Amino acid sequence: VGGLMSTIKANDLTNVTGGIPTVKGQKLIPTAWASFQGSGTVAIQDSEGVSSITDSGTGLFRPNFTATMANTNYAMAVTTSSTAGSSNDNTCIAYSRSTSQFTIITLRASTNTTTDCNQVYFVVMGGQA
């Protein structure tokens, strides 16, 4: 019937396979996110929409998406915890977007050199089909 709208209220929604349900066109739910160990052996602690993290060298990481994005018009936000054995003076750069991955560079701000950080966190918004 034209003009009628329904409201659905729920405390929990779960995808049938677990995790966050996919809502096509929904721009409020992160497309992908992860928390991972960036020093020593790179390891994902928790994530959604991320299949793996490629260690491309000191301070260089490539998160790989579980599902290919429809476009490269997504936004990335990245932050870190302290660098192994140093004070917390890190900065992050996220760039080189493709539909299957993007690149993160972690730098020690005081020296502007790449460095592996104990923890790296990121969220991706947009880009979904």
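Procedures and definitions
- Residues numbered from 1 in each chain as written.
- Predicted model: local features only at pLDDT ≥ 70, side-chain atom pairs only at ≥ 80, totals over all residues.
- Heavy atoms only, no water.
- Helix = DSSP H or I, 4+ residues; strand = E, 2+ residues; numbered from the N terminus.
- Buried < 20%, exposed > 50% of the residue type's maximum accessible area, 1.4 Å probe, protein only.
- Contact = heavy atoms within 4.5 Å.
- Areas by Shrake-Rupley, 256 points an atom, 1.4 Å probe, with all protein chains shown as cover.
- Disulfide = S-S within 2.5 Å.
- Phe/Tyr/Trp six-rings, centres within 6.5 Å; stacked < 30°, edge-to-face > 60°.

Caption draft 1: Quick peek at the overall build of the protein. Along the protein, the regular secondary structure elements total zero helices and nine strands. Mapped in sequence order, the helices and strands of the protein form the string β-β-β-β-β-β-β-β-β. For the protein, with 129 residues in total, the buried portion stands at 29%. Expressed as a percentage of contacts within the protein between residues at least 6 apart in sequence, the contacts between residues at least 24 apart total 55%. Here the protein displays about 7700 Å² of accessible surface, and carbon together with sulfur accounts for 51% of that area.

Caption draft 2: Spotlight on the state of the cysteines. Taken as a whole, this structure holds zero disulfides when the rule is applied. Not engaged in a disulfide, the cysteine cysteine 92 finds its nearest cysteine sulfur in cysteine 117; these two sulfurs lie 6.1 Å apart.

Caption draft 3: Unusual backbone geometry, seen in detail. At serine 96, a position not held by glycine, the phi torsion is positive, near 55 degrees. Residue position: serine 96 is located in the loop between strand E6 (90-95) and strand E7 (103-108). Residue serine 96 is classed as partly exposed on the basis of its relative accessible area, which comes to 45%. Of note in the backbone geometry, asparagine 112 takes a positive phi value of approximately 55 degrees without being a glycine. Mapped onto the elements of the fold, asparagine 112 is located in the loop between E7 and strand E8 (113-114). The exposure class of asparagine 112 is exposed, given its relative accessible area of 58%.

Caption draft 4: Looking closely at the packing of aromatic side chains. Throughout the structure, instances matching the rule amount to five aromatic pairs. Ring centres 6.4 Å apart and planes at 65 degrees place the aromatic pair phenylalanine 36 and phenylalanine 122 in the edge-to-face group. Placement of phenylalanine 36 in strand E1 (residues 32-37) and of phenylalanine 122 in strand E9 (residues 119-125) is noted, with a sequence separation of 86 residues between them. For the pair shown, phenylalanine 36 and phenylalanine 122 are each scored as buried. By the ring-pair criterion, three or more aromatic residues cluster together here, those being Phe36, Phe61, Phe65, Tyr74, Phe102 and Phe122.

Caption draft 5: The side chain of threonine 103, seen in detail. Tracing the backbone shows threonine 103 in strand E7. What makes threonine 103 buried here is its relative accessible area of 13%. In contact with threonine 103, not counting residues within four places along its chain, are Phe61, Arg62, Ile93, Ala94, Tyr95 and Ser96.

What is shown is where atoms sit, not what they do.
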